[in-house]
Amino acid sequence: MELDWHGETLHYTDEGIAGDAILFLHDLGGNANNWLHQRRAFARHHRVITLDLPGHGRSTGTRVPFGHYANAAHAVLDHLRVDQVSVVGLAMGARVGIMLAARSPHRVRRLTIVNGYLELPPHERRQRAELYDLLLRPGGARTWAELLLDGMGVHGHAGITRGLLKSADRIDPAHVNAVFHQVDEADQVEEFRALTVPVQLIVGERDRLVPSSSTDQLASLAGEVTISRLSGSGHLPYLEDPATFNRVLGEFVHGEDGFVHGQAASADDAPRDTALR
């Protein structure tokens, strides 16, 4: 399906049954098809919405700045008359989810952040900028993709490797580079700190793109937080181990988890932090 939005065309999917809705937001360079496993699983009991964010997938809008991506998601939800939604975002998609929850606090029920971060340590930030600046070099997209795969920790998943290498041939390198720097420069710390919705952090422990200090920062700033650590997964747990990913996401979306972080000394009041093996 598609929606005309300020002269751009947003492509989106709307599947499943009427009722509790879930919005899935992809990472930088991704698209709505990244969530096929989740669309099939959750559409049995939920209304499932995905979209190609501006300039991604089949959506136009390479000149739309990152700061307006949440407005695009908001427009799709308005168009579909979705009053409340749980939001699931990977990395950049999680940053869009934070913006959406901050700007529409009564619309977002729960927020799941998959391998996300607000800030990187200075040395990590320099290394990441150098990685994405490879996209501006002739033939650099292939090298970028190979180094990105190494950092993702998804070795052993031949399908994921093939898919990402193929996508490197289809992306707009200058666009991906520009959006990376916009995300990197966006300061969302106070925006995230002010959220009042329950937050889930899903962490692939083999992921080397997001340092543990970034996860610790998110946990320290969140109010009600659930942390699920997937020891067998890297940056793309929803593709690497969809059964486990869907289980922990489903528990959170259905309200079976969610604990107040850092306010009481008793174990019952600690954040839920589980390692799944």
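The coordinates are above.
What you see is a predicted model, and the numbers here were worked out from it, not measured in a lab.

What follows is about the side chain of His46. Tracing the sequence through the fold places His46 in the loop between helix 1 (36–42) and strand 4 (47–51). At a separation of 3.0 Å, a polar atom in the side chain of His46 contacts the side chain of His254. When neighbours within four sequence positions are excluded, His46 is seen to be in contact with Glu15, Gly16, Ile17, Asp20, Ile22, Val253 and His254.

It helps to recall that an α-helix has 3.6 residues per turn; residues three or four apart then point in one direction. Taken as a whole, helix 2 (residues 69–79) has its buried residues at Tyr69, Ala70, Ala72, Ala73, Ala75, Val76 and Leu77. Of the residues one or two after helix 2, Arg81 is the one with positive phi, at around 60°.

Moving on, we come to the pairing of strand 2 (residues 8–16). Pairing of strand 1 (residues 2–5) with strand 2, which is carried by four bridges, proceeds in the antiparallel orientation. Within the sheet, the bridge partner assigned to Leu3 lies in strand 2 and is Leu10. Remark: two residues form the turn of the hairpin made by strand 1 and strand 2, two consecutive strands paired antiparallel; His6 in that turn has positive phi of roughly 50°. As paired elements, strand 2 and strand 4 share five bridges and run antiparallel to each other. In the strand pairing of strand 4, Glu15 is matched with Val48.

Side chains carrying opposite charge are able to pair once their charged atoms draw close together. Evaluation of the coordinates by the stated rule reveals eight salt bridges. Here Asp14 ties to Arg47 by a salt bridge, and the two come within 2.9 Å at their closest N and O atoms. Placement of Asp14 in strand 2 and of Arg47 in strand 4 is noted, with a sequence separation of 33 residues between them. A residue is classified by how much of its surface remains accessible, and Arg47, at 19% relative accessible area, is buried. Where Asp184 meets Arg125, a salt bridge forms, and the shortest distance between an N and an O atom there is 2.8 Å. With a gap of 59 residues between them, Asp184 in helix 7 (residues 173–185) and Arg125 in helix 4 (residues 122–133) connect regions that are remote in the sequence.

What follows is about the nonpolar core. Formed by 91 residues in total, the largest nonpolar core has its most connected members in Leu23, Ile113, Tyr132, Trp144, Phe192 and Leu201. Excluding anything up to four places from it in sequence, Tyr132 contacts Leu28, Trp144, Leu148, Val176, Asn177 and Phe180.

The relative placement of two aromatic rings is captured by the distance of their centres and the angle of their planes. Following the criterion strictly, the structure yields seven aromatic pairs and no others. Each ring, one from Phe66 and one from Tyr69, has its centre 5.7 Å from the other, and the planes form 70°; the classification is edge-to-face. Between Tyr132 and Phe180, the aromatic rings sit 4.3 Å apart at their centres with planes inclined by 5°, giving stacked as the arrangement. One end of the pair, Tyr132, is in helix 4; the other, Phe180, is in helix 7, and 48 residues separate them in sequence. Assessed through its relative accessible area of 9%, Tyr132 is described here as buried. Among the aromatic side chains, those forming a connected cluster through ring pairs are Phe24, Trp35, Phe42, Tyr238 and Phe245. Above the face of the Tyr117 ring, Arg95 is positioned so that its terminal group lies 5.7 Å from the ring centre. If you follow Arg110 out to its NZ or CZ, it ends over the ring of Phe252, 4.9 Å from the centre.

Moving on to the pairing of strand 5 (residues 85–90). Most of strand 5 is tucked away: six of the six residues are buried. Judged by which residues are buried, strand 5 turns out to be covered on both faces: Val85, Val87 and Gly89 on one side and Ser86, Val88 and Leu90 on the other are all buried. Here six bridges tie strand 5 to strand 6 (residues 108–114), and the two strands are oriented parallel to one another. The residue of strand 6 that forms the bridge with Val87 is Leu111. Following the chain from strand 5 across helix 3 (residues 92–103) to the adjacent parallel strand 6, one finds a crossover that is right-handed.

It is the contact of helix 5 (residues 140–152) with helix 6 (residues 158–168), at a shortest axis distance of 9 Å, that shows an interaxial angle of 150°. Between helix 5 and helix 6, the interaxial angle falls into the category roughly antiparallel. Considering the relative orientation of helix 5 and helix 6, their crossing is right-handed. Across from Ala141, Arg142, Trp144, Ala145, Glu146, Leu148, Leu149 and Met152 in helix 5, the residues of helix 6 making contact are Thr161, Leu164, Leu165 and Ala168. Considering only residue class, the contact of helix 5 with helix 6 consists of nine nonpolar, one polar and two charged.

Analysis parameters
- Along each chain, residue indices are assigned from 1 in the same order as the chain's sequence is written.
- At least 70 in pLDDT is required for a residue's local features to be given in this predicted model, at least 80 for side-chain atom pairs to be given and counted, and no such filter applies to totals for whole chains, interfaces and linings, which use all residues.
- Heavy atoms from the whole structure form the basis of all side-chain values; hydrogens and water molecules are not counted.
- Strands here mean DSSP runs of E at least two residues long; helices mean DSSP runs of H or I at least four residues long; both are numbered from the N terminus.
- Here a polar contact is recorded for every N or O atom pair within 3.5 Å, except that within protein the pair must consist of a potential hydrogen donor and a potential acceptor, and residues adjacent in sequence are included only if both atoms are side-chain atoms.
- Residue contacts are defined here by distance: any two heavy atoms, one from each residue, within 4.5 Å place the two residues in contact.
- Residue burial is assigned from relative accessible area. The probe radius is 1.4 Å, only protein chains are included, and a residue is buried under 20% of its type maximum, exposed over 50%, and partly exposed in between.
- In short, DSSP must find at least two bridges between two strands for them to pair.
- A pair is scored as a salt bridge if a Lys or Arg side-chain nitrogen falls within 4 Å of a carboxyl oxygen belonging to Asp or Glu.
- Residue types Ala, Val, Leu, Ile, Met, Phe, Trp, Tyr and Cys, when buried and joined through side-chain atoms within 4.5 Å, form a set referred to as a nonpolar core.
- Any pair of Phe, Tyr and Trp rings, taking the six-membered ring for Trp, is counted once the centres come within 6.5 Å. Such a pair is stacked with planes under 30 degrees apart, edge-to-face with planes over 60 apart, and tilted for the rest.
- When the NZ atom of lysine or the CZ atom of arginine is within 6 Å of a ring's centre and also within 35 degrees of its normal, the charge is said to sit over that ring.
- With its strands directed away from the observer, a crossover is right-handed exactly when the path from the first strand over the helix to the second travels clockwise.
- Between N-to-C directions, angles span 0 to 180 degrees; the directions come from axes that are lines fitted to C-alpha atoms, helices contributing only their stretch in contact.
- By the definition adopted for this analysis, an angle is roughly parallel if under 35 degrees, roughly antiparallel if over 145, roughly perpendicular if from 65 to 115, and oblique otherwise.
- Crossings are sorted by hand: turned counterclockwise from the far helix by less than a right angle, the near helix makes the crossing left-handed, and turned clockwise it makes it right-handed.
- Any residue outside Ala, Val, Leu, Ile, Met, Phe, Trp, Tyr, Cys, Pro, Asp, Glu, Lys and Arg is labelled polar, Gly included; the first ten of those are nonpolar and the last four are charged.

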